[in-house]
Amino acid sequence: MRQILLLSVNGFTLQRFLLMACLWMCFFATADETNPILTARSWLTLVDNAEYIKSWEQTDPQFKAKTPQRKWLKALDYARVPLGRVMSRTYFSTSEYSSLSGLPDGEYLVIKFKTEFINQDSAMETISLSKNNGQWQPLGYFIN
């Protein structure tokens, strides 16, 4: 029978260290996947990079039903493209809602970012998210 040599320092083995490291990585990976602010930022990065079809594909089914892909692409060409590259984006606020006008009751967040674009010094980006199957999905996007 083979024996495995374990490094032990004050009773703390390498095996325990690796197990704890794996658990920590899993915890933080799960936390990132369910963090709505990170979801919003990730989705906004798609828009920033002109990956408009991917951004539409990641939206809530209710958004897709009300905003066909072609309409979404035209809206971004009209409203987002003229602003140019994002120079900075700072998280501003999050508001929770159990209902939004014209939508069924559910879990909703409205997240705001203060954003500087190359062609507009100060703007407020507002992204609405809805929770579906435990995941936050974009439901609306506005730039003021």
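What you see is a predicted model; the values in this text were computed from it and never measured.

Caption draft 1: View of the pairing of strand β6 (residues 135-143). Here strand β5 (residues 120-132) pairs with β6 via eight bridges, running antiparallel. By the bridge assignment, I127 is partnered in β6 with Y141. Here β5 folds back onto β6 in antiparallel fashion, the turn holding two residues, of which N133 has a positive phi close to 50°.

Caption draft 2: Region of interest: unusual backbone geometry. Its identity is not glycine, yet A50 carries a phi of approximately 60°, on the positive side. One can find A50 in the loop between α2 (36-48) and α3 (52-57). Look at N133: it is not a glycine, yet its phi comes out positive at around 50°. Within the fold, N133 resides in the loop between β5 and β6.

Caption draft 3: Layout of α2. A rise of 1.5 Å per residue sets the reference length of α2, with its 13 residues, at 18 Å; its end C-alpha atoms lie 18 Å apart and thus fit the reference within 8%. Those residues of α2 that sit buried are P36, T39, A40, W43, L44, L46 and V47. Axial view of α2: buried residues confined to an arc of 150°, hence all on one face. Where α2 begins, one side-chain oxygen reaches toward the backbone nitrogen of I37, 2.9 Å away; that side chain belongs to N35.

About the criteria used
Residues numbered from 1 in each chain as written. Predicted model: local features only at pLDDT ≥ 70, side-chain atom pairs only at ≥ 80, totals over all residues. Heavy atoms only, no water. Pairing = 2+ DSSP bridges. Helix = DSSP H or I, 4+ residues; strand = E, 2+ residues; numbered from the N terminus. Expected span 1.5 Å × (residues − 1). Buried < 20%, exposed > 50% of the residue type's maximum accessible area, 1.4 Å probe, protein only. Arc of directions from axis to C-beta. Polar contact = N/O pair within 3.5 Å; in protein donor to acceptor, adjacent residues only side chain to side chain.

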